[in-house]
Amino acid sequence: MTTVQKAMLASYGRSFLASMVTAFMATGGDLFALDVDSAKLILAAGIASVLPVALRYINKKDPAFGKVAEVIAAEGMKKLTKKATLKKPTKKA
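These numbers were taken from a predicted model, which means no experiment stands behind them. (Residues numbered from 1 in each chain as written. Predicted model: local features only at pLDDT ≥ 70, side-chain atom pairs only at ≥ 80, totals over all residues. Heavy atoms only, no water.)

Student: When you look at the overall build of the protein in this model, what are you seeing that I'm missing?
Tutor: Of the regular secondary structure elements, the protein holds four helices and zero strands. Helices and strands appear in the protein in the N-to-C order α-α-α-α. Expressed as a percentage of its 93 residues, the buried residues of the protein come to 16%. Sequence separation of at least 24 residues holds for 46% of the intrachain contacts in the protein that already meet a minimum separation of 6. Entry remark: accessible area of the protein is about 7500 Å², with carbon and sulfur atoms responsible for 69%. (Helix = DSSP H or I, 4+ residues; strand = E, 2+ residues; numbered from the N terminus. Buried < 20%, exposed > 50% of the residue type's maximum accessible area, 1.4 Å probe, protein only. Contact = heavy atoms within 4.5 Å. Areas by Shrake-Rupley, 256 points an atom, 1.4 Å probe, with all protein chains shown as cover.)

Structure representation (C-alpha cells):
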C-alpha cells in the first residue's frame, strides 16, 4: 500500500468517524436508547461523509489523492532524497 493510499484511507476514516459521532450526538447520544431509525441516520451520515474524499480520488488533477498524486509523491521523494544526499554531515567538536 502506497503512502498516498494510506493517506486517503486515513482521510476516509477521519471523515467517517467525525460524522458518525456528530450524528450520534445529534440523536441524543444515548447508546442504549438508539432505535433503528437513529442507527440508519448515523450510518447514512458516515457514508455521506466519505463522498468528498471519493470525489477527490476521482478528480485526476487533485494533487493530494487524485490520479496524479502518485507521480507528485514520487517526484517529491526524489527531491528530498537528493537534498539529503547532497548535504554533508557536520562535525561537532
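That shown, we press on.
Student: Looking at this structure, how should I read helix α2 (residues 36–49)?
Tutor: Given 3.6 residues to a turn, an α-helix orients residues that are three or four positions apart in the same direction. For α2, with 14 residues, the first-to-last C-alpha span of 20 Å sits near the 20 Å given by 1.5 Å per residue. Taken as a whole, α2 has its buried residues at S38, I42, G46 and S49. Looking straight down α2, one finds that the buried residues subtend no more than 75° of arc, so they occupy a single side. Those residues of α2 that are exposed and aimed more than 90 degrees away from the buried face are V36, D37 and K40. Buried residues belonging to α2 abut α1 (3–26) and α3 (51–58). (Expected span 1.5 Å × (residues − 1). Arc of directions from axis to C-beta.)

Student: So what exactly am I meant to see when it comes to the environment of R56 here?
Tutor: Note that R56 resides in helix α3. Its relative accessible area of 35% is what places R56 among the partly exposed residues. Along the backbone, R56 and M8 are 48 residues apart, and their C-alpha atoms lie at a distance of 9.4 Å.

Student: Before we go on, may I ask you to explain the side chain of S19 in this structure?
Tutor: Mapped onto the fold, S19 is located in helix α1. Setting aside anything within four residues of it in sequence, one finds S19 in contact with A45, G46 and S49.

Student: Help me understand the environment of S19 in this model?
Tutor: Taking relative accessible area as the criterion, S19 reaches 16% and is therefore assigned buried. Residues S19 and I47, spaced 28 residues apart in sequence, show a C-alpha to C-alpha distance of 8.8 Å.

Student: It is not clear to me how α1 should be interpreted in this structure. Could you clarify?
Tutor: Relative to the 34 Å expected for 24 residues at 1.5 Å per residue, α1 spans 34 Å between its end C-alpha atoms, a close match to the ideal helical length. Along α1, the residues classified as buried are V4, M8, S11, S19 and A23. At the exit of α1 stands G28, carrying a positive phi of roughly 120°.

Student: Would you take a moment to explain the confidence of the model for the protein for this structure?
Tutor: For residues with low pLDDT, the predicted coordinates do not support detailed interpretation. Model confidence for the protein is summarised by a mean pLDDT of 79, while 77% of its residues fall at 70 or above. Mean pLDDT values over the elements of the protein span from 69, in helix α4 (residues 69–86), up to 89, in α2. (pLDDT = per-residue confidence, 0-100.)

Student: In this structure, what is going on with a nonpolar patch on the surface? I would like to understand it.
Tutor: There is a patch of nonpolar side chains on the surface, built from F16, L43 and I47 and spanning about 260 Å² of accessible area. In this structure, F16 sits in helix α1. A residue is classified by how much of its surface remains accessible, and F16, at 30% relative accessible area, is partly exposed. (Patch = residues over 30% accessible without salt bridge, like charges linked within 9 Å, V, L, I, M, F, W, Y side chains within 5 Å. Salt bridge = Lys/Arg side-chain N within 4 Å of Asp/Glu carboxyl O.)

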